[in-house]
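Structural overview
Here is how the chains run, residue by residue.
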Amino acid sequence: TMNVIMIGTGDRAKGADKFIKIANSFTQEIEKGEIQFEIVGKLAPDIKAEVNNNIKFHDNILSVKDYNMKIENADLVLLLKDNSLKAVASGTFLDALAYGIPFLSIKNSYVEYYANDFLMENCIFDSTELIARKLKELLIMPIEDRVSYLEKCKNNILQIREAFSIEKNSKIFMDQIQ
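Residues numbered from 1 in each chain as written. Predicted model: local features only at pLDDT ≥ 70, side-chain atom pairs only at ≥ 80, totals over all residues. Heavy atoms only, no water.

Brief notes about the overall build of the protein chain
Put simply, the rule reads: Put simply, DSSP marks the helices as runs of H or I at least four residues long and the strands as runs of E at least two long, and each gets a number from the N terminus on. For each residue, the accessible area found with a 1.4 Å probe, counting protein chains only, is set against the maximum for its type, and the residue is called buried under 20%, exposed over 50%, and partly exposed in between. When checking whether two residues touch, look at their non-hydrogen atoms; a contact exists if any pair is within 4.5 Å. In these tables, accessible area is a Shrake-Rupley quantity obtained with a 1.4 Å probe, and a residue counts as shielded only by the protein chains included in the view.
From N to C terminus, the protein chain includes nine helices and six strands. For the protein chain, the proportion of its 178 residues judged to be buried stands at 43%. Of the contacts made within the protein chain by residues no fewer than 6 positions apart, 66% connect residues no fewer than 24 positions apart. As displayed, the protein chain offers around 9700 Å² of accessible surface, 52% of which is attributable to carbon and sulfur atoms.

The structure is reproduced here in C-alpha cells:
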C-alpha cells in the first residue's frame with residue numbers, strides 16, 4: 001500500500017481541500033488497498049464536513065510519538081499550499097526535509113526557491129490534477145520501479161538537507177571570514 005500524507009493542520013490554507021480532492025479520485029484504489037491518504041495533524045472544523053472514508057484524519061492534536069511514526073511510515077508527502085501566501089515558510093516542506101520523505105508539490109514559490117536545483121523532474125506540478133496523475137503513474141508502475149523512483153526522491157532530499165545543513169553553512173561562513 002502506498003501511504004500518502006499531508007502534514008500539519010488540515011485546513012484550507014495548507015490545501016486540505018485539495019488533498020481531499022486528490023484522495024477522492026482514488027476511491028477504487030483505496031478500496032483495493034493499493035493506496036491510502038492521511039492528514040497527519042488535527043483536521044480543521046470547516047474541512048471536516050468534506051472528508052469521507054477515503055481519508056484518515058484526526059480530531060485532536062497527535063502526540064509527538066504518533067506524529068513522528070506516521071511521518072516516518074509515509075511514502076510520499078503532498079505539499080498543497082499554493083502561492084496565495086507568498087514568501088510564507090512551509091512547515092510541511094521543512095518536515096518532509098527533516099524526515100527525508102519524498103514529496104509532490106503544487107507550484108509554490110517557497111518550495112521552488114529552495115528545491116529547484118535539487119529535485120528530479122516531476123516533483124513540482126501546476127495543478128492537483130497533475131499531482132493525481134503522477135500518483136496514478138506511481139501506482140501502475142512495477143513495484144521495483146516505484147521503489148527506485150522514491151529512493152531517487154529521498155536522495156534528492158538528502159542533498160537538499162546537506163546543502164542547508166548548519167555544519168556546511170558554518171564551514172562556508174568560516175572559510176569566508178578567514
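Focus: the nonpolar core
Our working rule: Among buried residues, those of type Ala, Val, Leu, Ile, Met, Phe, Trp, Tyr and Cys that are joined through side-chain atoms within 4.5 Å constitute a nonpolar core.
One finds Phe 19, Ile 22, Phe 26, Phe 37, Leu 78, Ile 131 and Leu 135 to be the most contacted residues of the largest nonpolar core, which totals 33 residues. Put simply, the parts of the chain that give this core at least two residues each are strand S1 (2–7), helix H1 (16–24), strand S2 (35–42), strand S4 (76–79), strand S5 (103–106), helix H7 (128–140) and helix H8 (143–163). Ignoring anything within four residues of it in the chain, the contact list for Phe 19 reads Val 4, Ile 5, Met 6, Phe 37, Glu 38, Ile 39, Ile 55, Leu 78 and Leu 80. Of all hydrophobic cores here, the second largest spans 17 residues; its members include Leu 79, Phe 93, Phe 103 and Ile 157.

Examining the packing of aromatic side chains
Given two aromatic rings, one states the distance between the centres and the angle between the planes to describe the pair. Let me state the cut-off plainly: Classification of ring pairs rests on two measures: the distance between centres of Phe, Tyr or Trp rings, Trp counted by its six-membered ring, which must be within 6.5 Å, and the angle between planes, read as stacked under 30 degrees, edge-to-face over 60 and tilted in between.
Using the criterion set out here, one finds three aromatic pairs in the structure. With centroids separated by 5.7 Å and ring planes inclined at 80°, the aromatic side chains of Phe 19 and Phe 37 adopt a geometry described as edge-to-face. Taken together, the residues Phe 19 in helix H1 and Phe 37 in strand S2 connect sequence positions 18 residues apart. Summarising the burial analysis for this pair, Phe 19 and Phe 37 share the class buried.

A closer look at the pairing of S2
Stated formally: A pair of strands is labelled paired if DSSP reports no fewer than 2 bridges between them.
The buried fraction of S2 is high, at six of eight residues. Alignment of S1 against S2, held across six bridges, turns out to be parallel. In the strand pairing of S2, Ile 7 is matched with Val 40. Both S2 and strand S3 (residues 55–58) contribute to a ladder of three bridges, which runs parallel. From the neighbouring strand, Glu 38 faces S3, where its bridge partner is Lys 56.

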